[in-house]
Amino acid sequence: MIQRNPGFSNISAGYLFPEIAKRRREYAASHPGAEIISLGIGNTTEPIPQYITEGMLAEVKRLSTREGYSGYGDEQGLTSLREKISEVFYNGKVSPEEIFISDGAKCDIGRIQLLFGSGVSVAVQDPAYPVYVDGSVITGAAGGMKSGGACGYDGITYMPCTAENGFFPDLSVIPENSLIYFCSPNNPTGAAATKKELEILVDVAKQKGGIIIFDAAYSAFIRDESIPKSIMEIEGAKSCAIEINSFSKPAGFTGIRLGWSVVSKELLYADGSPVIADWNRIMTTVFNGASNIAQYGGLACLDPEGLREMRQMTDYYLENARLIRDVLLGSNFAPLNLNIYGGVNAPYLWVSFPGFKSWQVFDLILDKCHIITTPGSGFGPAGEGFIRFSSFGHREDMQRAAERLAGLKL
Ligand code: PLP
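Residues numbered from 1 in each chain as written. Predicted model: local features only at pLDDT ≥ 70, side-chain atom pairs only at ≥ 80, totals over all residues. Heavy atoms only, no water.

Novice: Looking at this model, I keep getting lost on the overall build of the chain. Mind explaining?
Specialist: Secondary structure summary: the chain contains 13 helices and 13 strands in total. Whereas a compact globule of 410 residues would reach a radius of gyration of roughly 22 Å, the chain reaches 22 Å, a difference of no more than 12%. In the chain, which comprises 410 residues, the share counted as buried stands at 52%. Roughly 17,700 Å² of accessible area belongs to the chain as shown, and the carbon and sulfur atoms make up 54% of that amount. Both charge centroids of the chain, one from 36 positive and one from 45 negative side chains, sit 4 Å from each other. (Helix = DSSP H or I, 4+ residues; strand = E, 2+ residues; numbered from the N terminus. Rg over C-alpha atoms; globule rule 2.2 N^0.38 Å. Buried < 20%, exposed > 50% of the residue type's maximum accessible area, 1.4 Å probe, protein only. Areas by Shrake-Rupley, 256 points an atom, 1.4 Å probe, with all protein chains shown as cover. Lys, Arg positive; Asp, Glu negative; His and termini not counted. Charge placed at Lys NZ, Arg CZ, Asp CG, Glu CD.)

Novice: How should I be thinking about the site of the ligand in this particular structure?
Specialist: Around the ligand, 14 residues are found, and the nearest of them are Asp215, Tyr218, Ser246, Ser248 and Arg257. A distance of 2.6 Å separates an oxygen atom of the ligand from a polar atom in the side chain of Tyr218. Ser246 is positioned such that a nitrogen or oxygen atom in its side chain is 2.6 Å from an oxygen atom of the ligand. Protein contact buries 92% of the 400 Å² of open area that the ligand shows by itself. (Near = heavy atom within 4 Å. Polar contact = N/O pair within 3.5 Å; in protein donor to acceptor, adjacent residues only side chain to side chain.)

Novice: Looking at this model, I keep getting lost on the nonpolar core. Mind explaining?
Specialist: In summary, soluble globular proteins display a tendency toward joint burial of nonpolar side chains. Core analysis: the biggest nonpolar cluster contains 77 residues, and Ile85, Phe116, Ile212, Ile231, Ile242 and Phe247 have the highest contact counts within it. The contact partners of Phe247, leaving out residues within four places of it in the chain, are Ile85, Gly252, Phe253, Leu258, Gly259, Trp260, Gly298, Cys301, Leu302 and Met310. Within the second largest apolar cluster, 38 residues are counted, among which are Leu328, Ile340, Val351 and Ile387. (Core = buried A, V, L, I, M, F, W, Y, C linked by side-chain atoms within 4.5 Å. Contact = heavy atoms within 4.5 Å.)

Novice: Sorry, what's going on with the pairing of strand β10 (residues 348-352) here?
Specialist: It is a general feature of regular strands that their side chains alternate between the two faces of the sheet. Counting buried positions over the five residues of β10 gives five, a clear majority of the element. In β10, alternate side chains face the same way, and those of Tyr348, Trp350 and Ser352 on one face and Leu349 and Val351 on the other are all buried. Bridge count for strand β9 (residues 339-342) against β10 is four bridges, and the pairing is antiparallel. Of the residues in β10, the one forming a bridge with Gly342 is Leu349. Where β9 hands over to β10, the hairpin turn is made up of five residues, of which Gly343 adopts a positive phi near 80 degrees. Two strands pair when backbone bridges link them, and β10 and strand β13 (residues 386-390) are joined in this way by five bridges, in the antiparallel orientation. (Pairing = 2+ DSSP bridges.)

Novice: How do you make sense of the packing of aromatic side chains when you look at a structure like this?
Specialist: For any pair of aromatic rings, the description rests on two quantities: the centre-to-centre distance and the angle between the ring planes. By the definition in use, this model includes 21 aromatic pairs. Between the aromatic rings of Phe167 and Tyr341, the centroid separation amounts to 4.9 Å while the plane-to-plane angle is 70 degrees, which identifies the pairing as edge-to-face. Residue Phe167 is located in the loop between β4 (156-160) and β5 (178-183), and its partner Tyr341 is located in strand β9; the two are separated by 174 residues in the primary sequence. With a relative accessible area of 24%, Tyr341 lands in the partly exposed category. (Phe/Tyr/Trp six-rings, centres within 6.5 Å; stacked < 30°, edge-to-face > 60°.)

Novice: Is there a simple way to explain the environment of Leu364 in this structure?
Specialist: Structurally, Leu364 can be placed in helix α12 (residues 358-369). Each C-alpha atom, one on Leu364 and one on Arg66, is 60 Å from the other, the two residues being 298 residues apart in sequence. With residues near it in sequence (within four places) discarded, Leu364 still touches Cys369 and Leu410.

Novice: Help me understand the sheet that holds strand β2 (residues 99-102) in this model?
Specialist: Within a beta sheet, neighbouring strands are joined by backbone hydrogen bonds and run either parallel or antiparallel to one another. Here we have seven strands laid out as an open sheet, ordered β2-β8-β7-β6-β5-β3-β4, and mixed in their pairing. At either end of the open sheet lies a strand with only one pairing partner, and these are β2 and β4. Across the sheet, the mean angle from the axis of one strand to that of its neighbour is 20 degrees, orientation sign disregarded. Here strand β3 (residues 121-126) pairs with β5 via four bridges, running parallel. (Axes fitted to C-alpha atoms, helices over the stretch in contact; angles between N-to-C directions.)

Novice: Please explain the sheet that holds strand β12 (residues 374-375) as it appears in this structure.
Specialist: Strand order in the open sheet formed by four strands is β9-β10-β13-β12, with antiparallel pairing between adjacent strands. Of all strands in the sheet, those with a lone pairing partner are β9 and β12, marking the two edges.

Novice: Looking at this model, I keep getting lost on the environment of Val327. Mind explaining?
Specialist: Relative to the helices and strands, Val327 is located in helix α11 (residues 304-328). With 79 residues separating them in the primary sequence, Val327 and Ser248 have C-alpha atoms 28 Å apart. Excluding anything up to four places from it in sequence, Val327 contacts Asn332, Phe333, Ala402, Leu405 and Ala406.

Novice: Would you take a moment to explain the side chain of Asp126 for this structure?
Specialist: Along the polypeptide, Asp126 turns up in strand β3. Put simply, Asp126 is tucked away with no salt bridge, and the nearest opposite charge, on Lys146, sits 9.0 Å away. Of the polar contacts made by the side chain of Asp126, one reaches the backbone nitrogen of Ala382; its length is 3.1 Å. Ignoring any residue separated from it by four or fewer positions in sequence, one finds Asp126 in contact with Tyr158, Met159, Pro160, Cys161, Phe379, Gly380, Pro381, Ala382 and Gly383. (Salt bridge = Lys/Arg side-chain N within 4 Å of Asp/Glu carboxyl O.)

Structure representation (structure tokens):
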């Protein structure tokens with residue numbers, strides 16, 4: 001019989017979101033009248049704006065005509081969209097041929113792991129978006145869980161991002177020749193790396209012969225103009241970084257599916273051959289192009305009216321974050337000495353409750369306020385003691401959640 005991919009026996013069961021769902025179910029069953037509000041997940045809630053919708057509708061109509069119909073397109077995406085992304089997001093610094101349109105950032109992360117195979121060593125921020133680690137375990141780049149009760153997987157170097165280091169990790173722990181996953185603005189901490197920090201990251205990657213996988217899925221939430229929206233803004237990044245990004249959060253495309261990656265011609269393997277050639281091979285072999293409807297939506301996103309709509313959308317979620325942040329700063333929380341991070345250049349608030357474990361706080365907030373949050377410990381050991389509040393929600397739900405939190409008696 002066929003052997004199971006050992007990566008699947010190495011990977012631990014998805015724990016965080018199933019456990020949250022289980023506790024929610026149990027709580028709802030024992031408190032039938034409780035109206036539970038979720039500030040727990042990163043899924044978008046607001047409808048796709050008008051101009052962007054019209055862009056997709058026009059393509060749907062074209063597809064229904066003989067003249068306008070198109071079937072498979074170039075696997076790398078519409079040339080017009082690649083050109084527009086190059087112009088709007090990269091000021092021409094990245095050429096359209098170095099941009100690959102995809103069905104989203106998560107899918108690109110999975111395909112990138114295929115690109116480097118099982119032999120590569122991996123460094124990740126801790127806490128981190130779970131796909132970097134779990135995907136590495138499935139592809140065999142990481143081994144089984146560490147023995148002796150230690151947290152994490154063999155073969156993965158965890159880089160703690162803590163309040164003490166300003167959520168920018170000690171990069172000296174990165175082994176030579178590693179893939180370095182780096183997410184900014186960060187899920188879950190909400191931290192956005194400064195230009196100086198990204199310069200250090202690029203320097204270290206170059207010194208150590210590593211490649212940075214820069215996840216910029218939340219770049220549209222950056223409001224501080226001094227913070228880079230792309231690693232490609234950093235001198236030298238083209239030869240040591242791959243960037244991935246997505247229309248999911250700013251345009252509400254979580255279900256439509258549209259993203260892109262940037263792999264520069266300057267990015268080379270140890271033998272001097274270009275990574276872009278293999279990336280092109282992967283994208284043309286195991287991917288068959290993003291939906292043409294989604295791509296026309298993407299083109300609309302990048303027109304002045306679409307950009308305005310995306311700005312409004314991200315402003316809306318940032319305002320939600322502000323509502324929750326303000327209430328956590330209120331006097332009823334003062335005895336807890338909370339430390340509140342994020343929510344300014346990112347849609348997540350990352351809040352530490354000194355003296356409490358993440359799951360204790362989760363249970364407390366569920367019990368007293370009927371609000372679902374995400375325990376920080378689920379994103380990695382350095383997340384223990386933290387709770388992530390997501391700002392993806394309808395304003396009226398956020399307001400009700402804020403009122404409940406403001407009324408919380410501790
Ligand atoms: N990267 C990060 C850090 C995310 O938090 C998410 C989704 O929550 C994604 C990527 C997935 O993006 P997409 O919808 O484009 O697959």
